Amino acid sequence: MTLKIICAAVVIVGCGYLGILFAARQKLRVRQIEDFLQFLKAVEFNIVFLRLPLTECLGRIAMGSEGVLRKILEEAGAYLIKHKGAGFGEAWDLAVEKNKRGICTGDDVLETLSAFAARFGSGDDEREKNNIAFASAKLQYIRDGFDGRLQSDMKLYRGLGFLSGILVVILLF
């Protein structure tokens, strides 16, 4: 009897932990979108106002970033240095593909950033500002949608984790 109770507690705690992990992933999703928004602001400042070369700009932003964004920027910068004449869109897409496991954002965010990267560097300062503004506005819209649901989604995942653990215990015993 004691062994059953211990096993039941382990199952409930384990499923609850999985629910907490899914809830934390939701929070990380919003954090990564905010990181990408900061990246766009930094790109605008470094490219449009300071007029730095793209590889130097990516290096500077990467030093101030952390997590998956830092890895993406470092790999994109290294690709651009290694392959002279390659476009930023190509470098960005390859770096994102290599780091896809660490990205928690949805496909809509990745598509927005991929479209930004593909258009980046193809125009004058005004077109670059408009490209950055469009990508920023779209990411902001996506983030606002997540912000509204974040707390309820986190509670939902935590609750589902513990409830699924209880269900498994009931079905097994």
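It should be noted that the structure appears before, not after, this text.
Report follows, based on the coordinates.

Among the structural elements, Phe 88 can be located in helix 4 (residues 88–98). With 79 residues separating them along the chain, Phe 88 and Ala 9 place their C-alpha atoms 52 Å apart. In contact with Phe 88, not counting residues within four places along its chain, are Phe 39, Leu 54, Leu 58, Leu 80, Phe 116, Ala 117 and Phe 120.

Two numbers describe a pair of packed helices, the interaxial angle and the distance between the axes. Packing of helix 3 (residues 67–82) against helix 4 brings their axes to within 8 Å, and their N-to-C directions diverge by 135 degrees. Considering the angle they form, helix 3 stands oblique to helix 4. Here helix 3 and helix 4 pass one another in a crossing that is right-handed. For the pair helix 3 and helix 4, the contacting residues are Leu 69, Ile 72, Leu 73, Glu 75, Ala 76, Tyr 79 and Leu 80 in the first and Phe 88, Glu 90, Ala 91, Trp 92, Leu 94, Ala 95, Val 96 and Lys 98 in the second.

Attention now goes to the nonpolar core. In terms of nonpolar packing, the biggest core is built from 39 residues, with Phe 39, Val 43, Leu 73, Phe 88, Trp 92 and Phe 116 touching the most fellow members. Elements supplying a minimum of two residues to this core: helix 1 (2–49), helix 2 (54–64), helix 3, helix 4, helix 5 (107–119) and helix 6 (125–172).

A word on helix 1. With 48 residues, helix 1 should reach 70 Å at 1.5 Å per residue; the first-to-last C-alpha distance of 69 Å fits that figure. Among the residues trailing helix 1, Arg 51 stands out with phi positive, at a value near 60 degrees.

Once that is clear, we can look at the environment of Arg 119. Looking at where Arg 119 falls in the secondary structure, it is placed in helix 5. A relative accessible area of 37% places Arg 119 in the partly exposed class. Dropping the residues within four chain positions of it, Arg 119 is found in contact with Glu 128, Asn 131 and Phe 134.

On to the pattern of salt bridges. Per the stated rule, a full pass over the model turns up seven salt bridges. When the shortest N-O distance is used, the salt bridge between Arg 31 and Asp 35 registers 3.2 Å. Note that Arg 31 and Asp 35 are positioned in helix 1 at a spacing of four residues, about one turn of the helix. One salt bridge in this structure joins Arg 143 and Glu 34, with 3.1 Å as the shortest N-O distance. Here the residue Arg 143 occupies a position in helix 6, and Glu 34 occupies one in helix 1, the gap between them amounting to 109 residues. Relative accessible area serves as the criterion here: at 26%, Glu 34 is assigned to the partly exposed category.

The next subject is unusual backbone geometry. Of note in this structure, Arg 51 is not a glycine but carries a positive phi near 60 degrees. With respect to the secondary-structure elements, Arg 51 resides in the loop between helix 1 and helix 2. The exposure class of Arg 51 is exposed, given its relative accessible area of 56%.

Rules of the game
All chains use their own residue numbering, which begins from 1 and follows the written sequence. Note on the predicted model: pLDDT of at least 70 is required for a residue's local features to be given, and 80 or more for side-chain atom pairs to be given and counted; whole-chain, interface and lining totals, by contrast, use all residues. With hydrogens and water stripped out, all remaining heavy atoms of the structure feed into the side-chain values. The secondary structure listing takes helices from DSSP runs of H or I that are at least 4 residues long and strands from runs of E that are at least 2 residues long, numbered from the N terminus. Whether two residues are in contact is decided by their heavy atoms, any of which lying within 4.5 Å being enough. Lines fitted to C-alpha atoms define the axes here, with helix axes fitted over just the stretch in contact, and angles between the N-to-C directions of these axes take values from 0 to 180 degrees. Here the angle decides the label: under 35 degrees means roughly parallel, over 145 means roughly antiparallel, 65 to 115 means roughly perpendicular, and every other value means oblique. Put simply, a crossing is left-handed when the front helix is turned counterclockwise from the back one by less than a right angle, and right-handed when it is turned clockwise. Only buried residues count toward a nonpolar core. Its members are Ala, Val, Leu, Ile, Met, Phe, Trp, Tyr and Cys residues joined through side-chain atoms within 4.5 Å. Using a 1.4 Å probe on the protein chains alone, a residue whose accessible area is under 20% of its type maximum counts as buried, one over 50% counts as exposed, and one in between counts as partly exposed. Expected span, for any helix, means 1.5 Å times one less than how many residues it has. The rule for a salt bridge is simple: a side-chain nitrogen of Lys or Arg has to be within 4 Å of a carboxyl oxygen of Asp or Glu.

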